[in-house]
Amino acid sequence: MNWDDETTAEAEPRLVGGAADGEDQAVEAALRPKSLDEFVGQERVREQLDLVLKAALARGATADHVLLSGAPGLGKTTLSMIIAAEMNAPIRITSGPAIQHAGDLAAILSSLQEGEVLFLDEIHRMSRPAEEMLYMAMEDFRVDVIVGKGPGATAIPLELPPFTLVGATTRAGLLPPPLRDRFGFTAHMEFYEPVELERVIHRSAQLLDLDIEAEGAAEIAGRSRGTPRIANRLLRRVRDYAQVKADGLITREVAAAALGVYEVDSRGLDRLDRAVLQALLKLFAGGPVGLSTLAVAVGEERETVEEVAEPFLVREGLLARTPRGRVATPAAWAHLGLVPPRQGASGQPGLFGA
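Residue numbering note: each chain is counted from 1, following its sequence as written. Where totals are concerned, whole chains, interfaces and linings use all residues; where local detail is concerned, this predicted model gives features only for residues with pLDDT of at least 70, and gives and counts side-chain atom pairs only at 80 or more. For the side-chain quantities, the full set of heavy atoms in the structure was used; hydrogens and water were omitted.

Some words on helix 10 (residues 252-261)
Definition in use: Exposed residues in this analysis have more than 50% of their type's maximum accessible area, buried residues have under 20%, and partly exposed residues fall in between, with area computed by a 1.4 Å probe over protein chains only. What counts as a helix is a DSSP run of H or I of at least four residues, what counts as a strand is a run of E of at least two, and both are numbered from the N terminus. Along the arc lie the directions from the helix axis toward the C-beta atoms. In this analysis, two residues are considered to be in contact whenever any of their non-hydrogen atoms come within 4.5 Å of each other.
If you check which residues of helix 10 are buried, you get Val254, Ala255, Ala258 and Leu259. An end-on view of helix 10 places all buried positions within 120 degrees of arc, on one side of the element. Contacts made by the buried residues of helix 10 are with helix 8 (214-222), helix 9 (228-245) and strand 9 (249-250). Positioned one or two residues after helix 10, Glu263 has a phi angle of 60 degrees, which is positive.

Spelled out as structure tokens, the structure:
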């Protein structure tokens, strides 16, 4: 229910990936909440944002610029649309990669209406010249348009109507401090608890006219990696299974069987996640092992293992990054039903397991 349209470095689509594909975007448009009251989860962010928006309305002013950070699929785009709706303002949507030159940004800013909300997705990927132009636009509602080249170039000041910039990023640390400091309100989106995801799933099921039991929603929520977009995606795949093999009713058993078909296990791990853990445990006795070696063992690129599989495995406490390499935790051995090797006096596995 709450998600956004960001992309990641994934080499291929994943059922439990945070990026939105064409099908996700089409379904999300119908399922998005339209107000803060409908938005599930992120209680602290919703409370703070509600105060910011109501105060701005009471003053008859545009809302402060807002920066939303967090993993893909947590609701940054949805919140930007809600901000525009709560302020009774139109919204303009673009992204950092689409703004390669300062002129691109100047064209967008010069066409804004007073009070309009400009949503800039993946703001950390905007070009540096455009970024520097944005400083003045956010603070003084003015940009300098350069006309001509070389010694004859002149700067023509262009006044802008007051507007609200909503920036979204998955990597807030990549934003330069001068840009971060110009946002009046900054919010970090947290991963969802299973009970919150159950509410997301029940709402989506109602909008999709699906028959789902509470236990079925709980089963899907437990495998959704704390991300509403993934919860909705899994719900659609379980719906398909239920319609073909279970008369349309989604129970716990049906949800578990459906997600078993799609290789999403009880903790939300998919084929790639389990391949990384199995290689680490079975081939390297739990590590430590270097990232490049681990990537070769699973037949994936180094970047795929590091950016796609590892973040969730680390967050789940199944894998640890150390100066010597990647190491499996006791929870990883338990999850795959394997017994860790016996340790010698030095703390390393003994010769031949002795």
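Some details on helix 2 (residues 43-59)
Worth spelling out the cut-off: What a helix is expected to span follows from its residue count: subtract one and scale by 1.5 Å.
For helix 2, built from 17 residues, the straight-helix expectation of 24 Å at 1.5 Å per residue is met to within 8% by its first-to-last C-alpha distance of 25 Å. Turning to helix 2, its buried residues are Val45, Arg46, Leu49, Leu53 and Ala56. Seen along its axis, helix 2 keeps its buried residues to an arc of 100 degrees; they face one direction. What points out from helix 2, more than 90 degrees from its buried face, is the exposed set Arg44, Glu47, Leu51, Lys54, Ala58 and Arg59. The elements touched by buried residues of helix 2 are strand 1 (66-69), helix 3 (76-86) and strand 7 (185-188). Gly60 lies just past helix 2 and shows a positive phi near 70 degrees.

Re the confidence of the model for the chain
For the record, the criterion: Values of pLDDT, the confidence the predictor places in each residue, fall between 0 and 100.
Looking at the chain, the pLDDT average stands at 83 and 85% of residues meet or exceed 70. Within the model, the stretch residues 1-11 combines pLDDT values under 50 with 75 contacts to residues more than four positions away or in other chains. Within the model, pLDDT remains below 50 along residues 350-354, and this stretch shows three contacts once partners closer than five positions in the same chain are excluded.

Some thoughts on unusual backbone geometry
Excluding glycine, residues mostly carry a negative phi; peptide bonds, for their part, are mostly trans. With a phi close to 50 degrees, Glu122 is a non-glycine residue in the positive phi region. Of note, Glu122 is situated in the loop between strand 3 (117-121) and helix 5 (128-140). Classification of Glu122 by relative accessible area gives buried; the value is 8%. The phi torsion at Arg225 lies on the positive side, around 60 degrees, for a residue other than glycine. Following the sequence through the fold, Arg225 ends up in the loop between helix 8 and helix 9. Arg225 gets classed as buried once you look at its relative accessible area, which sits at 7%.

Regarding the environment of Arg321
We count it as follows: Two N or O atoms form a polar contact when they lie within 3.5 Å of each other; inside protein one atom must be a possible hydrogen donor and the other a possible acceptor, and for residues adjacent in sequence the pair counts only when both atoms belong to side chains.
Checked against the element boundaries, Arg321 lands in strand 10 (residues 319-322). By relative accessible area, which is 44% here, Arg321 ends up partly exposed. Linking Arg321 and Gly290, residues 31 residues apart in sequence, is a C-alpha distance of 9.7 Å. In this view, Arg321 contacts Glu306, Glu310, Pro311, Val314 and Arg326; residues no more than four positions away in its chain are not counted. Here the side chain of Arg321 touches Glu306 through a polar contact of 3.2 Å, landing on its backbone oxygen.

Examining the nonpolar core
Rules: Only buried Ala, Val, Leu, Ile, Met, Phe, Trp, Tyr and Cys residues count toward a nonpolar core, and they belong to the same one when joined by side-chain atoms within 4.5 Å.
Membership of the largest hydrophobic core comes to 46 residues, with the highest contact counts inside it found for Leu49, Leu79, Ile201, Ile212, Ile220, Leu235 and Ile250. Take this core: its biggest share by element is seven residues, from helix 9. Apart from residues lying up to four places away in sequence, Leu49 is in contact with Leu36, Val66, Leu79, Ile83 and Phe185. Leu67, Ala106, Met126 and Met138 belong to the second-largest nonpolar core, a separate cluster that totals 24 residues.

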